[in-house]
2 protein chains.
Amino acid sequence: MRRHCVLALGFVLAFAAAAWAADLAAPSPNGLKMPPGFENWAVISISHRLDNKSMRVILGNDVAVKAARGGRINPWPDGAILAKVVWKEKPEEGWPDAIAPDALVHAEFMYKDSKRFAANGSGWGWARWLGKERRPYGQDAGVEGECIRCHAPVRDRDWVFSVPAPMP
Amino acid sequence: MRRHCVLALGFVLAFAAAAWAADLAAPSPNGLKMPPGFENWAVISISHRLDNKSMRVILGNDVAVKAARGGRINPWPDGAILAKVVWKEKPEEGWPDAIAPDALVHAEFMYKDSKRFAANGSGWGWARWLGKERRPYGQDAGVEGECIRCHAPVRDRDWVFSVPAPMP
């Protein structure tokens, strides 16, 4: 009987630990949560912004990667999530004519759900977390207005700047 | 009985198809094979070469990604494989002050095995496949000499240019 109790307690602790690990970052002010495990998602594309000297990798969840590689990106399918990790830039060590990532700036996310996010006019949810500490960005639920205004130049490409890079 | 035979035949065909799909690219002239599924590996870093106007993403297998994120990269552990996908560059559509990937150039790989690859002096195997068609690069087994000479500036960092980019 005592052994069963210890076993049950073990399961409860394991589930609690898993739930905690999957939700390390506090939610965005608009209620969106950082997708657990995104740092291992496959690559959609990369970019180097010369104007603010930053480098970026764009990752996708399974739905997004399948859509990107199958050319189904206008519109992106519901369920697709895109993650963009942004770093400051620096010269590559050992190859001065190359630019490489320096310090981490933030991670940004777009969540496609044409029904859930119809009200903001884009069909996407938007959120950003700052630095290694994954601090939610923004003061209130209106935080995504800033994202949407910046992405307006590509509203005709379903609001996504990056065209998926061709993979081998 | 006939049903069993059909079932058995189905399994044989399924295995053959899986083996074929996992080995679509012909081997490198030095015998190395393109790791199946590398296009879904997690990101280690990215870079933008200004001298030849190319952009790159560096991916890693599970061993490499664990080592990169745990700071165990000098030396990298045996079993680590790094993949670098290289594109020509172009201005990002919709954001003229950014550079993004254009056409695919090639995919390059480093395979760490300090015993198997001791003879070439680096402890790594090296291989490259060209374009979407995954055409093996090089004329003979000496192909890796070219890779090793180019990576000589970073022999003190276990021959790897990219320092892993900090992830959130």
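Residues numbered from 1 in each chain as written. Chains lettered and ligands numbered in written order. Predicted model: local features only at pLDDT ≥ 70, side-chain atom pairs only at ≥ 80, totals over all residues. Heavy atoms only, no water.

Trainee: When you look at the interface of chain A and chain B in this model, what are you seeing that I'm missing?
Mentor: Note: interface size is frequently given as the accessible area lost on complex formation between the parts. Every contact between the two is made by 48 residues of chain A and, on the other side, 48 residues of chain B. In this assembly, chain A packs against chain B so that about 3,900 Å² is buried in total across both faces, 64% of it on carbon and sulfur atoms. If you sort the residues of chain A by the area they bury against chain B, Ile46, Trp95 and Pro168 of chain A come out on top, with a joint share of 19%. Scanning the region where chain A abuts chain B turns up 2 salt bridges. (Contact = heavy atoms within 4.5 Å. Buried area = accessible area lost by both parts, 1.4 Å probe. Salt bridge = Lys/Arg side-chain N within 4 Å of Asp/Glu carboxyl O.)

Trainee: Quick question: what am I supposed to make of unusual backbone geometry here?
Mentor: Both trends apply: most residues other than glycine have a negative phi, and most peptide bonds are in trans. The omega torsion of the bond from Asn74 of chain A to Pro75 of chain A falls at 10°, within 30 degrees of zero and hence cis. Following the sequence through the fold, Pro75 of chain A ends up in the loop between helix 2 (62-69) and strand 3 (81-92). Positioned with a positive phi, Lys53 of chain A is a non-glycine residue whose angle comes to about 55°. Here Asp158 of chain B, not a glycine, exhibits a phi torsion of approximately 55°, which is positive. Mapped onto the elements of the fold, Asp158 of chain B is located in the segment after helix 3 (144-151). For Asp158 of chain B, a relative accessible area of 8% gives the class buried. (Helix = DSSP H or I, 4+ residues; strand = E, 2+ residues; numbered from the N terminus. Buried < 20%, exposed > 50% of the residue type's maximum accessible area, 1.4 Å probe, protein only.)

Trainee: Explain the environment of Trp159 of chain B to me, please; I cannot follow it from the model alone.
Mentor: Residue and element names in this part refer to chain B. Along the chain, Trp159 turns up in the segment after helix 3. Sequence separation between Trp159 and Cys147 is 12 residues; the distance between their C-alpha atoms is 9.9 Å. What Trp159 contacts, discounting residues up to four positions off in sequence, is Met110, Gly121, Ser122, Trp124, Trp126, Ile148, His151, Ala152 and Val154.

Trainee: Help me understand the relation of the copies chain A and chain B in this model?
Mentor: Both copies of the chain are related by a screw-like operation: a rotation about an axis and a shift along it. With an RMSD of 0.0 Å, chain A superimposes on chain B once it is rotated by 180° and translated 0.0 Å along the axis. In the structure described here, the two chain copies are related by an operation that fits a two-fold rotation axis. For chain A, the minimum C-alpha distance to the rotation axis belongs to Ala42 of chain A and amounts to 2.9 Å. (Least-squares fit on C-alpha atoms with pLDDT ≥ 70 in both.)

Trainee: Honestly, empty space enclosed by the protein in this entry has me stumped. Any pointers?
Mentor: Where empty space is left becomes clear once a probe the size of a water molecule has been rolled over the atoms. All names here are of chain B. The tally for this structure, following the rule as stated, stands at 2 cavities of 30 Å³ or more. What the largest cavity holds in volume is close to 60 Å³. The class makeup of the residues in the lining of the largest cavity is 5 nonpolar, 2 polar and 3 charged. What the second largest cavity holds in volume is close to 30 Å³. Along the walls of the second largest cavity sit Trp126, Ala127, Arg128, Tyr137, Val143, Glu144 and Cys147, which together make up its complete lining. (1 Å grid on protein atoms, 1.4 Å probe; cavity = no way out; pocket = protein on both sides within 12 Å on 5 of 7 lines; lining within 4 Å. Points joined across faces, edges and corners; volume = space filled by probe spheres on them. Nonpolar A, V, L, I, M, F, W, Y, C, P; charged D, E, K, R; others polar.)

Trainee: Got a minute to help me understand the nonpolar core in this structure?
Mentor: The nonpolar side chains of a soluble globular protein tend to be buried, and buried together. Counting 48 residues, the largest nonpolar core has Val57 and Phe109 of chain A together with Val57 and Phe109 of chain B as the members making the most contacts within it. In contact with Val57 of chain B, not counting residues within four places along its chain, are Val43 and Ile46 of chain A together with Val43, Ser45, Ile46, Ala83, Lys84, Val85 and Trp87 of chain B. (Core = buried A, V, L, I, M, F, W, Y, C linked by side-chain atoms within 4.5 Å.)

Trainee: Can you help me understand the pairing of strand 2 (residues 54-60) of chain B in this one?
Mentor: Two faces belong to every sheet, and in a regular strand the side chains alternate between them. Residues and elements named next belong to chain B. Counting buried positions over the 7 residues of strand 2 gives 7, a clear majority of the element. A two-sided burial pattern is seen for strand 2, the buried positions comprising Ser54, Arg56, Ile58 and Gly60 on one face and Met55, Val57 and Leu59 on the other. Here strand 1 (residues 42-49) folds back onto strand 2, and the loop between the two strands holds 4 residues, one of which, Lys53, carries a positive phi near 50°. Pairing between strand 2 and strand 3 (residues 81-92): 7 bridges, direction antiparallel. (Pairing = 2+ DSSP bridges.)

Trainee: What should I look at first to understand the pattern of salt bridges in this one?
Mentor: When their charged atoms lie close together, side chains carrying opposite charge are able to pair. Applying the stated criterion across every chain yields a total of 14 salt bridges over all chains. For Glu93 of chain B, the salt bridge identified is with Arg157 of chain A, shortest N-O distance 3.6 Å. Taken as a pair, Glu93 of chain B in the loop between strand 3 and strand 4 (95-112) and Arg157 of chain A in the segment after helix 3 (144-150) lie in two separate chains rather than in one. The class of Glu93 of chain B is partly exposed, set by a relative accessible area of 38%. In this structure Arg157 of chain A comes out as partly exposed when scored by relative accessible area, which is 23%. As a salt-bridge pair, Asp158 of chain B and Lys112 of chain B come within 2.8 Å of each other at their nearest N and O atoms. Taken as a pair, Asp158 of chain B in the segment after helix 3 and Lys112 of chain B in strand 4 lie far apart in primary sequence, 46 residues in all. Assessed through its relative accessible area of 6%, Lys112 of chain B is described here as buried. A single network of salt bridges, built from pairs that share partners, joins Lys84, Glu108 and Arg128 of chain A.

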